[in-house]
Amino acid sequence: MRLWAAFVLIWGLCADRSAAAEGAVVPAELEVELLSKLSLHDRSFAARAGELVRVVILVKPGNTRSDAFAAVFKGALSELDRFGGLPHAESVVPYTNAPALAKRCRDDRVAVVYVTPGLEPELERIRGALTGIDVLSVAALPEFVGEGVVLGFALLSGKPKMIIDYEQAKQQNVNFGADVLKLMKVVAR
């Protein structure tokens, strides 16, 4: 119950600090904090992560925007002591192809894949490759949700909102309870 209260408190703080324009990206520090708290409400997270939360930050090689998002997200993660109550390790991984990503997720027991800008043309292939793999994919940009990525954050009416592709979440064994799902915007493909 205390974890849920902390999640609601952070969510409320996030809404108060948000005065940015519609469509702006939620700051990485806040995304990381919310994602860490949110993982505690994913019934599959503990089994997925094991003793160490492995986070892959997926980048488009040669894309400066992709590299910038990756650097900021990795920096925000490095400030976090524990992710979902567990130690964590993150790595920036250049995207080569969807089958290689799927293999890495299976072989390295990756818990979270953070998808950066520049990978828009690959989203459908990424969705297909991650279907059936126990991994949470997270969008750097909210429009990626529904295009192949399970979870993202957006500013809606000036307030941060969690967005989920519920169908893809089921395909990747991401299992949030109804109490958390009711706080999310569900997108359909």
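For the structure, see preceding data.
Cut-offs used in this document
- Residues numbered from 1 in each chain as written.
- Predicted model: local features only at pLDDT ≥ 70, side-chain atom pairs only at ≥ 80, totals over all residues.
- Heavy atoms only, no water.
- Helix = DSSP H or I, 4+ residues; strand = E, 2+ residues; numbered from the N terminus.
- Polar contact = N/O pair within 3.5 Å; in protein donor to acceptor, adjacent residues only side chain to side chain.
- Contact = heavy atoms within 4.5 Å.
- Buried < 20%, exposed > 50% of the residue type's maximum accessible area, 1.4 Å probe, protein only.
- Pairing = 2+ DSSP bridges.
- Phe/Tyr/Trp six-rings, centres within 6.5 Å; stacked < 30°, edge-to-face > 60°.
- Salt bridge = Lys/Arg side-chain N within 4 Å of Asp/Glu carboxyl O.
- Lys, Arg positive; Asp, Glu negative; His and termini not counted.

Examined against the element boundaries, Thr116 turns out to sit in the loop between strand S3 (112-115) and helix H6 (123-130). Among the polar contacts made by the side chain of Thr116, one reaches the main-chain carbonyl oxygen of Leu58 at a distance of 2.6 Å. In terms of polar contacts, Thr116 uses its side chain to reach the side chain of Ser66, at 2.5 Å. Excluding anything up to four places from it in sequence, Thr116 contacts Ile57, Leu58, Val59, Lys60, Ser66, Phe69, Ala70, Ala140 and Phe144.

With that settled, the discussion passes to the pairing of S3. Burial along S3 is two-sided: Val112 and Tyr114 facing one way and Val113 and Val115 facing the other are all buried. As defined by bridge partners, strand S1 (residues 53-59) adjoins S3 across four bridges and the pair is classed as parallel. Residue pairing for S3: Ile57 is matched across the bridge by Tyr114.

Time to look at the packing of aromatic side chains. The tally for this structure, following the rule as stated, stands at two aromatic pairs. Pairing Phe45 with Phe83 gives two aromatic rings, centres 6.1 Å apart and planes at 35°, and the pair type is tilted. Placement of the pair is Phe45 in helix H3 (residues 45-49) and Phe83 in the loop between helix H4 (64-78) and strand S2 (88-94), with a sequence separation of 38 residues. No difference in accessibility class separates Phe45 from Phe83, as the two residues are buried. Ring geometry for Phe73 against Tyr114: centres 3.5 Å apart, planes inclined by 5°, an arrangement best described as stacked. Placement of Phe73 in helix H4 and of Tyr114 in strand S3 is noted, with a sequence separation of 41 residues between them.

Looking now at the pattern of salt bridges. Here the structure, examined in full by the defined rule, presents eight salt bridges. Residue Asp108 is joined to Arg104 by a salt bridge in which the shortest nitrogen-to-oxygen separation is 3.5 Å. The exposure class of Asp108 is partly exposed, given its relative accessible area of 34%. Residue Arg104 is classed as partly exposed on the basis of its relative accessible area of 32%. For Arg127, the salt bridge is made with Asp165, and the minimal N-O distance between the two is 3.6 Å. Here Asp165 lies in the loop between strand S6 (159-164) and helix H7 (166-171) and Arg127 lies in helix H6, a separation of 38 residues in the sequence. Comparing Arg127 with Asp165, the two get one shared label, buried.

With that settled, the discussion passes to the environment of Lys170. In this structure, Lys170 sits in helix H7. With 39 residues separating them in the primary sequence, Lys170 and Thr131 have C-alpha atoms 8.9 Å apart.

The next point concerns the side chain of Glu90. Structurally, the position occupied by Glu90 is in strand S2. For the buried residue Glu90, which engages in no salt bridge, the nearest side chain bearing the opposite charge is Lys74, 6.1 Å off. For Glu90, the side chain forms a polar contact with the side chain of His88, separated by 2.7 Å. Leaving out residues up to four positions away in the same chain, Glu90 has contacts with Val55, Ile57, Lys74, Leu77 and Ser78.

Turning next to unusual backbone geometry. The phi dihedral of Arg109 falls on the positive side, at around 55°, and the residue is not glycine. Take Arg109: it is sitting in the loop between helix H5 (98-107) and S3. Here Arg109 falls in the partly exposed class, since its relative accessible area comes to 41%. Phi angles above zero are rare outside glycine, and Asn173 is one such case at about 60°. Tracing the chain through its elements places Asn173 in the loop between H7 and helix H8 (178-181). For Asn173, a relative accessible area of 37% gives the class partly exposed.

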